[in-house]
2 protein chains.
Amino acid sequence: MARTASLSGFPEWLPEERLVELHVLDTLRRVFELHGFASIETRAVETVGQLLRKGEIDKEVYGLSRLQDDEDDKSAKQDPHALALHFDLTVPFARYVVENSGYLAFPFRRYQIQKVWRGERPQEGRAREFTQADIDVVGDGELPFRYDVEIALVIAEALSALPIPDFRLRINNRKLAEGFYRGIGLEDTAGVLRSIDKLEKIGPGKVAELLKTELGATDQQAEAALKLAGIRTEDTSFVAQVRALGVSNELLEEGLSELEQVIAAAVQRAPGKVVADLSIARGLDYYTGTVVETVLVGHEQLGSICSGGRYDALASKGNRKFPGVGLSIGVTRLVSRILSQDLAKASRSVPTVVLVALTNDDSWSAAQDVAAQLRDRGIATEVAAKAEKFGKQIKFADRRGIPFVWFTDDDGNHQVKDIRSGDQTPADPARWTPPSEDLSVQIKTVAAQPV
Amino acid sequence: MARTASLSGFPEWLPEERLVELHVLDTLRRVFELHGFASIETRAVETVGQLLRKGEIDKEVYGLSRLQDDEDDKSAKQDPHALALHFDLTVPFARYVVENSGYLAFPFRRYQIQKVWRGERPQEGRAREFTQADIDVVGDGELPFRYDVEIALVIAEALSALPIPDFRLRINNRKLAEGFYRGIGLEDTAGVLRSIDKLEKIGPGKVAELLKTELGATDQQAEAALKLAGIRTEDTSFVAQVRALGVSNELLEEGLSELEQVIAAAVQRAPGKVVADLSIARGLDYYTGTVVETVLVGHEQLGSICSGGRYDALASKGNRKFPGVGLSIGVTRLVSRILSQDLAKASRSVPTVVLVALTNDDSWSAAQDVAAQLRDRGIATEVAAKAEKFGKQIKFADRRGIPFVWFTDDDGNHQVKDIRSGDQTPADPARWTPPSEDLSVQIKTVAAQPV
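Note that this is a predicted model, so its numbers are computed, not measured.

K.L.:
Honestly, the nonpolar core in this entry has me stumped. Any pointers?
P.N.:
Note on soluble globular proteins: their nonpolar side chains tend to be buried together. By size, the foremost hydrophobic cluster in this structure holds 114 residues, and its most contacted members are F32(B), L159(B), Y181(B), F238(B) and I329(B). A per-element tally of this core places helix α5 (residues 146-160) of chain B first, with 10 residues. Sequence-distant contacts of F238(B), that is, excluding residues within four places in its chain, are made with L176(B), I231(B), T233(B), L256(B), L259(B), E260(B), I263(B), A276(B) and L278(B). Counting 113 residues, the second largest nonpolar core, distinct from the first, contains I196(A), F396(B), W406(B) and F407(B).

Below, the structure is given as structure tokens:
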């Protein structure tokens, strides 16, 4: 991994690294589809007006302009119809839902795996081009809370299937937090959330300072808000801990009940993977209920690898509201970590199982016949392009990790050689199959090093 | 298909349409991997300098600028280090090969399936954002000609596996054409190719005019060039037809021999799919041998759905040259046509095979247990979110094309209903499997309408 990207923030993988990424993508797709999520893709571009619709935005957006266009392309900054690259998959999905609402069956569940772009300063875990894998369920008018529970379980199942270290979904609920703040007399709940969001970065002392200086909180209010944020349980005991703080508020009760449902289901169906963490705030984003962040255990400084939550209005069309709940996995962040720490490796660098060697230059067509028979049975096969010495042809296979080389002599007798063991045996191209572990590339997790 | 894209030139698919596209992408990947091609992706952006490196360029490029950047973003047009979206996958692949040449095993065979962007005026078959699927083999210093033959055969196999009408690879060879032009005394071979490239658009009379006025060709020279371009054979008889024109040139002989090898192999291995078509020129592009375009029979006006050829120097690094041969399938062009003409359809709009119904609101957890058992055996399953009347739950499934609804009564007896036939039978969640044609979404080709 001495390679560095030729353009900072735009990672590219070697073929054997791409196989690890493909394995991650295939695994996510399989789990999502097993749970009935349908695939969609949206265009890479949105209008600037659409992207900046929510006003206060902390993402760096790349605007587009045609190089051959003679007009002043500064207009992209002022013109809401100008095009720009999407910075997440939620804003485009909201637009897609509104545009296609007449063609979709609600509640609509979709997964979307695409690249997104942000012009931020690149650093470990933060690229300018990266792949996200999102699942969301969106309703028309209403969306049962049960989907919040389900989404968390699907993500826990998906992450469990990946070649990554142990992880924790840290879940909170905005109603719980906002109801609590109101219950103690702090009405600028967005302001409190923004301060609480800084807890891991600046510590409780400075957060208390912020709450008091910026939001006019009393010592007691700041202390209560920090006590709430300090609650973290692996089961539903957080409910009693919150109640012990003696705050009463209707929204708080609603939030407690919702979070309790999520955690109770997770304790049963994803034991050890989910915690109620009442410090989770999700800063600027416009969530209205469940909020989720996810850490890799032992890699906490990498940041959240999967985040999201519930929006009462993911999208709207006139009076019609489309509530949604969803989570987004940072695929590139995960894959970068897997590769940089050698957490998993591909068993070879190419899909090929068999290289058909050439005995002489005229045997290419016969070799293609052998290859076609093998491919018919799903065995990935290449044919050598030149009748070089067998040693050279074997080396060609060896350099790529191709496990088998096929030889056919002038009398049409076939032999297949496992170049790892050196074993060579007669074989029939119409019947021979490799061991199942050689048939496709395996992604093997590498045992974690003792820290 | 009354829907139109909300942004002209940026097509988006509904979930059932996306399933057709996914089928196309999965099929291409499967065939490419069976032939040993390794997957890579390159970043979406290149530097402007890299994209415009070849000088004369006829693609409209989208430049990037950060909206939050205060600097004058006009610089993107003058600054070769500015970023722009790639307009094909060949230029990025060439850069990738040079950058990673120390890490790749040559000849290196890769497939690459990604979106590309061109700021052109959108029209049928021509989008501003579209997906290409490329295969290339690239060598270090040299690349046996056999890969030209192989690439054509792999593409013919891949296209044959798609739900599309019959197609023809139209293959020519630049050496053949250029050698012929030199043999008749026309030295500006690039100019002749550019004129011949217009044959289908403006006809032979006007091409002859161009050759005479712009390149100073005599009547005889123009006639000979047009005679060559008129040769089109499904077998290797083009060789005799070219020889009958009585032109002698060494490069011509080399090209004849190369094209003969491609066509001879195709006659045997992809009968009826390939023609030698000596009118194929590929205009501005810098091919040096084999050139290919592909038409869908009956949809010729759609343009080429797969093009490419051989470059003596796909890339270079100092004195080191990397020759390559490759073809690029226009996936979006194909999928747009499949969808607009109803050539193929998905059997349902979601991956889900089974909807587990809720008998009452407390049965959600038991229903999740049933779903988990089914998913363990690869059966995509959703659980209803609310215990609505069974009729409503069945309608939920019906609207999405989900074929089976699962019922569990209060005593724990399971029944599964095929909602198409109405048949309902007892079933064990640990053992029941759907008919194999229902297990995953099927893409069915629709019989072509009589024209």
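K.L.:
Explain the packing of helix α6 (residues 174-183) of chain B against helix α7 (residues 189-196) of chain B here, please?
P.N.:
How two helices pack is summed up by the angle between their axes together with the distance between the axes. Residues and elements named next belong to chain B. It is at 10 Å that the axes of α6 and α7 come closest, and there the two elements cross at 115°. It follows that α6 is roughly perpendicular to α7 by the angle criterion. At the point where α6 passes α7, the crossing takes the right-handed sense. On the side of α6, the interface is formed by R174, A177, E178, Y181 and R182, while α7 contributes T189, V192, L193 and I196. In terms of residue class, the contact of α6 with α7 is made up of five nonpolar, one polar and three charged.

K.L.:
Please clarify how unusual backbone geometry should be interpreted in this entry.
P.N.:
Negative phi is the rule for most residues except glycine; trans is the rule for most peptide bonds. Residues and elements named next belong to chain A. In this structure, the amide linkage connecting F106 to the following residue, P107, adopts the cis form with an omega of -10°. Position of P107 relative to the elements: it lies in the loop between α4 (90-99) and β5 (108-117). Phi at D342 is positive, roughly 50°, even though this residue is not glycine. Take D342: it is sitting in the loop between α12 (331-340) and β13 (344-346).

K.L.:
Sorry, what's going on with the pairing of strand β9 (residues 274-277) of chain B here?
P.N.:
Strand residues, when the strand is regular, have side chains that alternate between the two faces of the sheet. All names here are of chain B. Burial along β9 is two-sided: the residues V274 and A276 and V275 and D277 are all buried. Looking at chain direction, strand β7 (residues 167-173) and β9 are connected through three bridges and run parallel. Paired with I171 across the bridge in β9 is A276. As defined by bridge partners, strand β8 (residues 232-233) adjoins β9 across two bridges and the pair is classed as antiparallel. Among the inter-strand pairings, T233 is bridged to a residue of β9, identified as A276.

K.L.:
Help me understand the domain arrangement of chain A in this model?
P.N.:
In many reports, interface size means the accessible area that the parts give up when they come together. Residue and element names in this part refer to chain A. Each assigned domain of chain A is listed with its residue range as follows: domain 1 (15-41 + 104-345) and domain 2 (354-444). Computed from C-alpha coordinates alone, the two centres of domain 1 and domain 2 are separated by 49 Å. Counting from both sides, the interface comprises seven residues of domain 1 and, opposite them, four residues of domain 2. The three residues of domain 1 that bury the most area against domain 2 are L19, H23 and K345, which together make up 75% of that side's buried surface. Across the contact surface, domain 1 and domain 2 share zero salt bridges. Every element with two or more residues in the side of domain 1 that touches domain 2 is listed here: α1 (15-34) and β13.

K.L.:
Quick question: what am I supposed to make of α7(B) here?
P.N.:
Since there are 3.6 residues in each turn of an α-helix, residues three or four apart along the chain are aligned in direction. All names here are of chain B. Burial of α7 is extensive: six of the eight residues sit out of reach of the surface. The complete set of buried residues in α7 reads T189, G191, V192, L193, S195 and I196. Its buried side turned inward, α7 meets α6, α8 (199-215) and α9 (219-229).

K.L.:
What should I look at first to understand the pattern of salt bridges in this one?
P.N.:
Side chains that differ in charge, positive against negative, can pair when their charged atoms come close. Residues and elements named next belong to chain A. Taken as a whole and assessed by the stated rule, the structure comprises 72 salt bridges over all chains. Close ionic contact of E253 with R243 constitutes a salt bridge, the shortest N to O distance being 2.7 Å. Linking E253 in helix α11 (residues 250-269) with R243 in helix α10 (residues 238-243), this pair joins segments that are 10 residues apart in sequence. On the basis of relative accessible area, E253 is assigned to the partly exposed category, the value being 33%.

K.L.:
Would you mind showing me how to read empty space enclosed by the protein here?
P.N.:
If you walk through the whole model with that rule in mind, you get eight cavities of 30 Å³ or more. Space inside the largest cavity adds up to approximately 800 Å³. Lining of the largest cavity is provided by 36 residues; of these, R18(A), E41(A), I113(A), E41(B) and I113(B) occupy positions nearest its centre. Of all elements in the fold, only α1, β5 and β6 (129-138) of chain A together with α1 (15-34), β5 (108-117) and β6 (129-138) of chain B reach the threshold of two or more residues within the lining of the largest cavity. Taken together, the residues of the lining of the largest cavity break down into 14 nonpolar, nine polar and 13 charged.

K.L.:
Please clarify how the packing of aromatic side chains should be interpreted in this entry.
P.N.:
Each aromatic ring pair is described using two quantities: the centre-to-centre distance and the angle formed by the ring planes. Residue and element names in this part refer to chain A. For the coordinates displayed, the defined rule picks out 15 aromatic pairs over all chains. Between F404 and W432 the ring centres are 5.0 Å apart and the planes differ by 75°, which places this aromatic pair in the edge-to-face class. Linking F404 in strand β16 (residues 404-408) with W432 in the loop between β18 (424-426) and α15 (436-439), this pair joins segments that are 28 residues apart in sequence. W432 shares its class with F404; the two are buried.

K.L.:
Is there a simple way to think about the relation of the copies chain B and chain A in this case?
P.N.:
One copy of the chain maps onto the other through a rotation about an axis plus a displacement along that axis. Rotating chain B by 180° about the axis while translating it 0.0 Å along that axis superimposes it on chain A, leaving an RMSD of 0.0 Å. The transformation relating the two chain copies, once decomposed into turn and shift, fits a two-fold axis. Residues of chain B ranked by C-alpha distance from the rotation axis are headed by L64(B), positioned 2.4 Å from it. Taken as a fraction of all interface residues of chain B, those also at the interface in chain A reach 100%, which identifies the copy contact as same-surface.

K.L.:
Would you take a moment to explain the interface of chain B and chain A for this structure?
P.N.:
At the junction of the two partners, chain B supplies 96 residues and chain A supplies 97 residues. Summed over the shared surface of chain B and chain A, the number is 18 salt bridges. A salt bridge links R109(B) to E382(A); the nearest nitrogen and oxygen atoms lie 3.2 Å apart. Our count for the chain B to chain A interface comes out at 51 residue pairs in polar contact (both at pLDDT 80 or more). For the side of chain B that touches chain A, the element with the highest residue contribution is α1(B), accounting for eight residues. In terms of residue class, the side of chain B that touches chain A is built from 42 nonpolar, 19 polar and 35 charged.

K.L.:
Hey, could you run me through the sheet that holds strand β12 (residues 320-330) of chain B in this one?
P.N.:
Paired through backbone hydrogen bonds, the strands of a sheet run either parallel or antiparallel to each other. Residues and elements named next belong to chain B. With mixed pairing, nine strands are arranged side by side in an open sheet as β1-β5-β6-β12-β11-β10-β7-β9-β8. Edge strands, defined here as strands with exactly one partner in the open sheet, are β1 (38-39) and β8. Across seven bridges, β6 lies against β12 in antiparallel orientation. Across the sheet, residue V137 finds its bridge partner in β12, namely V325. Its contacts with the sheet place helix α4 (residues 90-99) against β5, β6, β11 (306-317) and β12, and it is angled at close to 30° to β11.

K.L.:
Just checking my understanding: could you explain the side chain of T42(B) for this structure?
P.N.:
By the secondary structure assignment, T42(B) is in the loop between β1 and β2 (45-47). On the basis of relative accessibility, which here comes to 2%, the residue T42(B) falls in the buried class. A distance of 2.8 Å separates the side chain of T42(B) from the side chain of Q112(B), its partner in a polar contact. Beyond its immediate stretch of four places on either side in the chain, T42(B) contacts E12(A), K115(A), H86(B), P92(B), R95(B), Y96(B), Q112(B) and Q114(B).

K.L.:
Which parts of the structure should I look at to understand the environment of L228(A)?
P.N.:
All names here are of chain A. Position of L228 relative to the elements: it lies in helix α9 (residues 219-229). On the basis of relative accessible area, L228 is assigned to the buried category, the value being 1%. Leaving out residues up to four positions away in the same chain, L228 has contacts with L176, A177, F180, Y181, V242, L245 and L278.

K.L.:
Would you mind going over α12(A) with me for this structure?
P.N.:
Residue and element names in this part refer to chain A. For α12, the buried fraction is high: eight of the 10 residues fall into the buried class. Restricting attention to buried positions, one finds in α12 the residues V331, T332, R333, L334, V335, R337, I338 and L339. Summarising the contacts, the buried residues of α12 are in contact with α1, β6, α5 (146-160), β10 (290-296), β12 (320-330) and β13.

Cut-off values and rules
Once a new chain begins, its residue numbering starts again from 1 and follows that chain's sequence as written. Chain letters and ligand numbers both follow the written order, the letters beginning at A and the numbers at 1. Confidence filtering applies because this is a predicted model: local features only for residues at pLDDT of at least 70, side-chain atom pairs given and counted only at 80 or more, and all residues used for totals across whole chains, interfaces and linings. Excluding hydrogens and water, the side-chain figures rest on all heavy atoms present in the structure. Each nonpolar core is a collection of buried residues, namely Ala, Val, Leu, Ile, Met, Phe, Trp, Tyr and Cys, held together in the definition by side-chain atoms within 4.5 Å. A simple rule labels every residue: compare its accessible area, found with a 1.4 Å probe on the protein chains alone, to the largest value its type can have, and call it buried under 20%, exposed over 50%, or partly exposed in between. Numbering of helices and strands starts at the N terminus; helices are DSSP runs of H or I of at least 4 residues and strands are runs of E of at least 2. Residue contacts follow a heavy-atom distance rule, with two residues in contact if any of their heavy atoms lie within 4.5 Å. The convention used is that axes are lines fitted to C-alpha atoms, helices contributing only their stretch in contact, and that angles between N-to-C directions extend from 0 to 180 degrees. Note that the term roughly parallel is reserved for angles under 35 degrees, roughly antiparallel for angles over 145, roughly perpendicular for angles of 65 to 115, and oblique for everything else. By convention the crossing between two helices is left-handed if the near helix lies anticlockwise of the far one by an angle smaller than a right angle, and right-handed if it lies clockwise. Only Asp, Glu, Lys and Arg are considered charged in this grouping, and only Ala, Val, Leu, Ile, Met, Phe, Trp, Tyr, Cys and Pro are considered nonpolar; every other residue, Gly among them, is considered polar. Between any two strands, at least two bridges found by DSSP are needed for them to pair. Domain boundaries shown here were taken from an automatic or database domain assignment. Defined here as a combined quantity, buried area equals the accessible surface (1.4 Å probe) lost by two parts on assembly, summed across both. By convention in these notes, a salt bridge is any Lys or Arg side-chain nitrogen within 4 Å of a carboxyl oxygen on Asp or Glu. The method works on a 1 Å grid over the protein atoms by themselves. A cavity is a set of points holding a 1.4 Å probe that cannot get out, a pocket is an open set with protein on both sides within 12 Å along at least five of seven lines, and residues with an atom within 4 Å of a point line them. Grid points are joined across faces, edges and corners, and a volume is the space filled by probe spheres set on the points. Under the pairing criterion, centres of Phe, Tyr and Trp rings, with the six-membered ring standing for Trp, must be within 6.5 Å; the plane angle then separates stacked pairs below 30 degrees from edge-to-face pairs above 60, leaving the rest tilted. When the copies are overlaid, the least-squares fit takes in C-alpha atoms only where the residue has pLDDT of at least 70 in both copies. Distance and chemistry together define a polar contact, namely a pair of N or O atoms within 3.5 Å, with one atom able to donate a hydrogen and the other to accept it when in protein, and with adjacent residues in sequence counting only for side-chain atoms on both sides.

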